[in-house]
Amino acid sequence: PGSPEPRKPQRVSTLLQQVSETPRKKRGFTRSPSSAANSTQGTKQTLTPSRKVSARSLNTVASNGSQRSTSRIRAAANRLPGNRDRRWMDEAGDMLTLPPGLADIAEDEEGGKAAEGLKKKEWERAEKWRKMAKVLKPGKDGEGMEFEFDARSPKLIERTWKGIPDRWRAAAWYSFLNTSAKKRKESPSEESIINAFHKLQDASSADDVQIDIDVPRTINSHIMFRKRYRGGQRLLFRVLHALSLYFPDTGYVQGMASLAATLLCYFDEEKTFVMLVRMWTLRGLDKLYEPGFPGLMAALDEFHKKWLGGGEVSKKLTELSIEPTAYGTRWYLTLFNYSIPFPAQLRVWDVFMLLGDPDPSITPTPDRPFCGGLDVLHATSAALIDGTREILLDSDFENAMKVLTSWIPVKDEELLMKVTKAEWKLHRRKRV
């Protein structure tokens, strides 16, 4: 498995760039002059939380010196154990800056003790995953081994939120979808999907021309996909060709290539195809990519009404006439592949692969066809809104659109996932 970066984004919002290049300041409580007090008493001071100033809209100036920040009482209350999730959401903007440990490494090219500490931590996490893995197929000399993980284990779920070690990612993803397939009697077997993959290589697809155009554009900075008609590009074409024929009603749609390319970084072409088929049938992608995109529209409507639901950012975007379709289409159809850095995308996929099953207690309807299966994607979208909240609240239409539709330079994927988990838990509690 590798850790490729997707192709360089075509556009990065200036505001996001400014925030991401600003060092994160420590959060604490310091005595600073209160503007309200100064206007009347001149020397009176109050306790206020120290917080970095958000980047402002290029064409607006905050009136009355207003800086949207957490009140000192709320900030203090957020430190209590029961308010941890609220704290992550309040401090979500910090996901755009390097956390202290990685900031130390960035300053020291050789990494030093901080880098060694991270390596040790990664090794310890990998060892924990090894102990959770059940060997299904030993393989000769350790090659081709297959593992199974107990998807119902609270310990495994918690560790998946914390991130799957890269060496275990392929085994875990495959096991998660295999577990979902076993729950569905109508789900085709791995063998039948692989047989279909090879048979479909001999058939022609009406989408082959478009696939051939898109393949060279897909994460071509990665060594696998650099050479035309060779290596990863050839594998990618074969997988997308088969997928367009396996789901003839959908065919090929732009966005699929980035999904297949990500999987090819971890699996051979046969297992990549199996993973895609199962993501389509078990994770709702068949509905997201449905012709005419009624499923995508339903997903974005659900996000707008159930997740953004009347908050201050939602009101601001409504005021600016910015609908979720303006920015969410790219997020959902590529599962954030072209919107956040690759390490952050993988963390989202870790949880989506595990927790993306629809809730059997929910009856599907035309306007709500996913039955909770996209909750991880909704929670991630909400987390990205939380992370850019202060910028969006001070933006006009043009700058808000640039922020939402450009590359979001998440530098702290740990915080991104903490905010995502907090949003996910909050919504689950509301649904119950």
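Here is what the cut-offs are and how they apply
- Residues numbered from 1 in each chain as written.
- Predicted model: local features only at pLDDT ≥ 70, side-chain atom pairs only at ≥ 80, totals over all residues.
- Heavy atoms only, no water.
- Helix = DSSP H or I, 4+ residues; strand = E, 2+ residues; numbered from the N terminus.
- Buried < 20%, exposed > 50% of the residue type's maximum accessible area, 1.4 Å probe, protein only.
- Areas by Shrake-Rupley, 256 points an atom, 1.4 Å probe, with all protein chains shown as cover.
- Salt bridge = Lys/Arg side-chain N within 4 Å of Asp/Glu carboxyl O.
- Phe/Tyr/Trp six-rings, centres within 6.5 Å; stacked < 30°, edge-to-face > 60°.
- Lys NZ or Arg CZ within 6 Å of the ring centre and 35° of its normal.
- Expected span 1.5 Å × (residues − 1).
- Polar contact = N/O pair within 3.5 Å; in protein donor to acceptor, adjacent residues only side chain to side chain.
- Axes fitted to C-alpha atoms, helices over the stretch in contact; angles between N-to-C directions.
- Parallel < 35°, antiparallel > 145°, perpendicular 65-115°, else oblique.
- Contact = heavy atoms within 4.5 Å.
- Nonpolar A, V, L, I, M, F, W, Y, C, P; charged D, E, K, R; others polar.
- Patch = residues over 30% accessible without salt bridge, like charges linked within 9 Å, V, L, I, M, F, W, Y side chains within 5 Å.
- Lys, Arg positive; Asp, Glu negative; His and termini not counted.
- Charge placed at Lys NZ, Arg CZ, Asp CG, Glu CD.
- pLDDT = per-residue confidence, 0-100.

**Considering the overall build of the chain**
- In terms of regular secondary structure, the chain is built from 22 helices and 4 strands.
- Residue burial in the chain is summarised as follows: out of 432 residues, 50% are buried.
- Counting every atom, the chain has about 21500 Å² of accessible surface; 52% of that belongs to carbon and sulfur.

**Digging into the pattern of salt bridges**
- Summed over all chains, the structure comprises 20 salt bridges.
- In this structure, Asp 150 engages Arg 152 in a salt bridge whose closest nitrogen and oxygen atoms are separated by 3.6 Å.
- Residue Arg 389 is joined to Asp 386 by a salt bridge in which the shortest nitrogen-to-oxygen separation is 3.4 Å.

**Some points on the packing of aromatic side chains**
- Summed over all chains, the structure comprises 16 aromatic pairs.
- Note on Tyr 174 and Phe 267: the rings are 6.1 Å apart at their centroids and 45 degrees apart in plane angle, and the pair reads as tilted. Within this pair, whereas Tyr 174 is found in helix H8 (residues 166–183), its partner Phe 267 is found in the loop between helix H12 (256–264) and helix H13 (269–282), the two being separated by 93 residues in sequence. Both residues of the pair, Tyr 174 and Phe 267, belong to the buried class.
- By way of ring pairs, the aromatic residues Phe 197, Tyr 246, Phe 247, Phe 273, Trp 280 and Tyr 289 are connected into one cluster.
- One residue, Lys 271, lies across the ring of Tyr 174, its end atom 4.4 Å from the ring centre.
- One residue, Arg 278, lies across the ring of Tyr 174, its end atom 6.0 Å from the ring centre.

**Considerations on H8**
- The end-to-end C-alpha separation of H8 is 27 Å, in line with the 26 Å expected for 18 residues at 1.5 Å each.
- Taking burial as the measure, the 18 residues of H8 include 15 buried ones, the bulk of the element.

**Describing H13**
- Spanning 14 residues, H13 covers 19 Å between terminal C-alpha atoms, matching the ideal 20 Å at 1.5 Å per step.
- Most of H13 sits out of view: 12 of its 14 residues are buried.
- Among the residues of H13, Glu 269, Lys 271, Thr 272, Phe 273, Val 274, Met 275, Leu 276, Val 277, Arg 278, Met 279, Trp 280 and Leu 282 are the ones counted as buried.
- With a side-chain oxygen positioned 3.2 Å from the backbone nitrogen of Glu 270, the residue opening H13 is Asp 268.
- Residue Gly 284 follows H13 closely and has a positive phi angle near 80 degrees.

**Considerations on unusual backbone geometry**
- Phi at Phe 293 takes a positive value of approximately 55 degrees, unusual for a residue other than glycine.
- Positive phi, normally seen in glycine, also occurs at Cys 371, with a value near 50 degrees.
- Residue position: Cys 371 is located in the loop between helix H18 (342–355) and helix H19 (375–387).
- The class for Cys 371 is buried, based on a relative accessible area of 9%.

**Things to note about the packing of helix H7 (residues 154–161) against H18**
- The interhelical angle for the contact between H7 and H18, taken along N-to-C directions, is 155 degrees, at an axis separation of 8 Å. Relative to H18, the element H7 is oriented roughly antiparallel. Contact residues: Leu 156, Ile 157, Thr 160 and Trp 161 in H7; Arg 347, Asp 350, Val 351, Leu 354 and Leu 355 in H18.
- Of the residues in the contact of H7 with H18, the class split is 6 nonpolar, 1 polar and 2 charged.

**What to know about the side chain of Ser 20**
- Residue placement: Ser 20 occurs in helix H1 (residues 14–20).
- Looking at Ser 20, the relative accessible area reads 4%, which means it is buried.
- Setting aside chain neighbours within four positions, we find Ser 20 in contact with Leu 96, Pro 409 and Lys 411.

**Points about a positive patch on the surface**
- On the surface, Arg 84, Lys 121, Lys 128, Lys 155, Lys 162 and Lys 418 cluster together into a patch of positive charge.
- Mapped onto the fold, Lys 121 is located in helix H6 (residues 112–132).

**A word on the confidence of the model for the chain**
- Across the chain, the average pLDDT comes to 84, with 80% of residues at or above 70.
- Low pLDDT, under 50, characterises residues 1–9; the stretch is placed with 27 contacts to residues that sit more than four places away or in other chains.
- A low-confidence stretch, residues 29–69 (pLDDT under 50), is modelled with 71 contacts involving residues beyond four sequence positions or located in other chains.

**Observations regarding the environment of Glu 158**
- Structurally, the position occupied by Glu 158 is in helix H7.
- The spatial distance from the C-alpha of Glu 158 to the C-alpha of Val 351 is 9.7 Å, given a sequence separation of 193 residues.

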